Amino acid sequence: MNYYFRSFKTKSYWVYALLSVDSVKTFMAVVGGIWLFVDILSTIKIIEKDKLSLWVLIPLAILGILVVVFTRRPVKKIIYKYPGQDLKIEVCIGDLFEVPGQKVISTNTTFDTDIASGIISSRSLQGQFTEKFYPGNLPALDAELDRQLSNLQHTIINKDAGKTKRYDYGATVKLNLSGQLFYWFAMADLNHSNTAKTTLKNVYEALDGLWDYIETKGEKLDTVIPLIGSGLGRLTTSRKKLIAIIAQSFINASEQNIFSDKLVIVIHPGDVEKSGLNLFEVKDLLHHYLP
């Protein structure tokens, strides 16, 4: 509920709610519809329209604005149905761990996991995953990652601390934890000082590798992915564009073979508050951005 109250206070919401093309259309439809009704009443002699005061326009305008606000009120979820194929893209605000489906976690190209030394932030989604599913048992996680990465090509790099085997962007492993499926995929490089960084080119490459892995080795379930790159990946690209990039990548990968009927892009509430993201704008963007 706090999200709704915060949304009403943001400039981005009000600009979009009152000044968008769709909002103007809604306003004109309400006012025009009521005025048409007045015309009908005047035609059948129930009222005399010519004698109405101009002040009657004020409540009409207020009613139109109220309808606009009601129909454009903040939402926590939007769904885009891709025409011509049985594909859905949902964008929602919430906790990724609470959303049903197989979940995606972005990681670094060396698959470093150490939180205690500060290589991995406990605030990151990877850090939250580790503390949730491998509390005090990091060696077990590392052993499973090493087992699945053993057949993948890698290079050896030099870093101050942590792992030194670097894998390609998009390298993916699947973790099955009591029936919950998680895909870790490499999306960011760690430099010599273990600072994470990625680029849009890296994101595209990483997503291609992720979708290919899910198609060939994953399960055909709803796929849940965070808004990758917007946090510790240090991308300056807008949240809206990142959402469109993830959605477009998923659609492109599904052209030949549908490996997941639904993609859910999850945005953390704190990220929404910082960026002023508006889901109506996101839905309109998807309609214009996707083919």
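Residue numbers run consecutively from 1 along every chain, following the written order of its sequence. At least 70 in pLDDT is required for a residue's local features to be given in this predicted model, at least 80 for side-chain atom pairs to be given and counted, and no such filter applies to totals for whole chains, interfaces and linings, which use all residues. Water and hydrogen atoms were dropped before computing side-chain values, which therefore reflect all heavy atoms in the structure.

## Quick notes on the overall build of the protein
Along its length, the protein carries 10 helices and 10 strands. For the protein, the spread of C-alpha atoms along the three principal axes comes to 85 × 40 × 35 Å. Looking at the protein as a whole, 43% of its 291 residues qualify as buried. Whether two residues touch is decided by their heavy atoms; if any such pair falls within 4.5 Å, the residues are in contact. For the protein, contacts bridging at least 24 residues in sequence account for 70% of all contacts bridging at least 6. By element, 57% of the accessible surface of the protein is carried by carbon and sulfur atoms, the whole surface being about 15,500 Å². Charged side chains in the protein number 33 positive and 29 negative. The centres of these two groups are separated by 6 Å. Think of it this way: any DSSP run of H or I at least four residues long counts as a helix, any run of E at least two long counts as a strand, and we number them from the N terminus. Type-normalised accessible area, obtained with a 1.4 Å probe on protein chains alone, sets the label of each residue: buried when under 20%, exposed when over 50%, and partly exposed for intermediate values. Per-residue and other accessible areas follow the Shrake-Rupley method at a 1.4 Å probe size, with only the shown protein chains counted as cover for residues. Charge counting treats Lys and Arg as positive and Asp and Glu as negative, with His and both chain ends excluded. A single reference atom marks each charge: NZ on Lys, CZ on Arg, CG on Asp, CD on Glu.

## Things to note about a nonpolar patch on the surface
Only residues whose relative accessible area exceeds 30% and that form no salt bridge are eligible for patches; like-charged ones are grouped when within 9 Å, while nonpolar side chains (Val, Leu, Ile, Met, Phe, Trp, Tyr) are grouped when within 5 Å. Here, a salt bridge means any Lys or Arg side-chain nitrogen found within 4 Å of an Asp or Glu carboxyl oxygen. A surface patch of nonpolar side chains, about 400 Å² in accessible area, is lined by Leu36, Ile40, Ile44 and Ile46. Relative to the helices and strands, Leu36 resides in helix H3 (residues 21–43). Using a relative accessible area of 51% as the deciding quantity, one classes Leu36 as exposed.

## Thoughts on a negative patch on the surface
A contiguous patch of negative charge, built from Asp168, Glu205, Asp208, Asp212 and Glu215, is present on the exposed surface. Topologically, Asp208 is positioned in helix H7 (residues 200–217).

## Concerning the pairing of strand E9 (residues 223–226)
Side chains Thr223 and Ile225 of E9 all project onto a buried face; the interleaved residues Val224 and Pro226 project onto the opposite face, where all are buried too. Any two strands with at least two DSSP bridges between them are considered paired. Bridge analysis of strand E3 (residues 102–108) against E9 gives 2 bridges, and the strand direction is parallel. If you follow Gln102 over to E9, its bridge partner there is Thr223.

## Quick look at the packing of H3 against helix H4 (residues 57–71)
Between N-to-C directions, angles cover 0 to 180 degrees, with each direction set by a line fitted to C-alpha atoms, over the stretch in contact for helices. Two elements in contact, H3 and H4, have axes separated by 9 Å at closest approach and are oriented at 135 degrees. Relative to H4, the element H3 is oriented oblique. For the pair H3 and H4, the sense of crossing is right-handed. Contacts between H3 and H4 involve Ser23, Thr26, Phe27, Val30, Val31, Ile34 and Trp35 on the former and, on the latter, Leu60, Ala61, Leu63, Gly64, Ile65, Val67, Val68 and Thr71. When its residues are assigned to classes, the contact of H3 with H4 shows 11 nonpolar, 4 polar and no charged. Comment on the angle field: the value is read as roughly parallel under 35 degrees, roughly antiparallel over 145, roughly perpendicular from 65 to 115, and oblique elsewhere. Rotating anticlockwise by less than a right angle from the far helix to the near helix defines a left-handed crossing, while the corresponding clockwise rotation defines a right-handed one. Three classes are used: nonpolar for Ala, Val, Leu, Ile, Met, Phe, Trp, Tyr, Cys and Pro, charged for Asp, Glu, Lys and Arg, and polar for all others, with Gly counted as polar.

## Observations regarding the packing of aromatic side chains
Classification of ring pairs uses Phe, Tyr and Trp, with its six-membered ring standing for Trp, and accepts pairs whose centres are within 6.5 Å; under 30 degrees between planes counts as stacked, over 60 as edge-to-face, and the remaining range as tilted. The tally for this structure, following the rule as stated, stands at 12 aromatic pairs. Ring centres 5.0 Å apart and planes at 40 degrees place the aromatic pair Phe129 and Phe133 in the tilted group. Residue Phe129 and its partner Phe133 are both found in helix H5 (residues 125–133); the two are separated by 4 residues, about one turn of the helix. Judged by relative accessible area, Phe133 falls into the partly exposed class, the value being 22%. Cluster of aromatic residues (ring-pair linked, three or more members): Phe97, Phe129, Phe133, Tyr134, Phe182 and Trp184. Directly above the aromatic system of Phe133 lies the positively charged group of Lys132, at a separation of 5.7 Å from the ring centroid. Here, a charge over a ring is recorded when the distance from Lys NZ or Arg CZ to the ring centre is within 6 Å and its angle to the ring normal is within 35 degrees.

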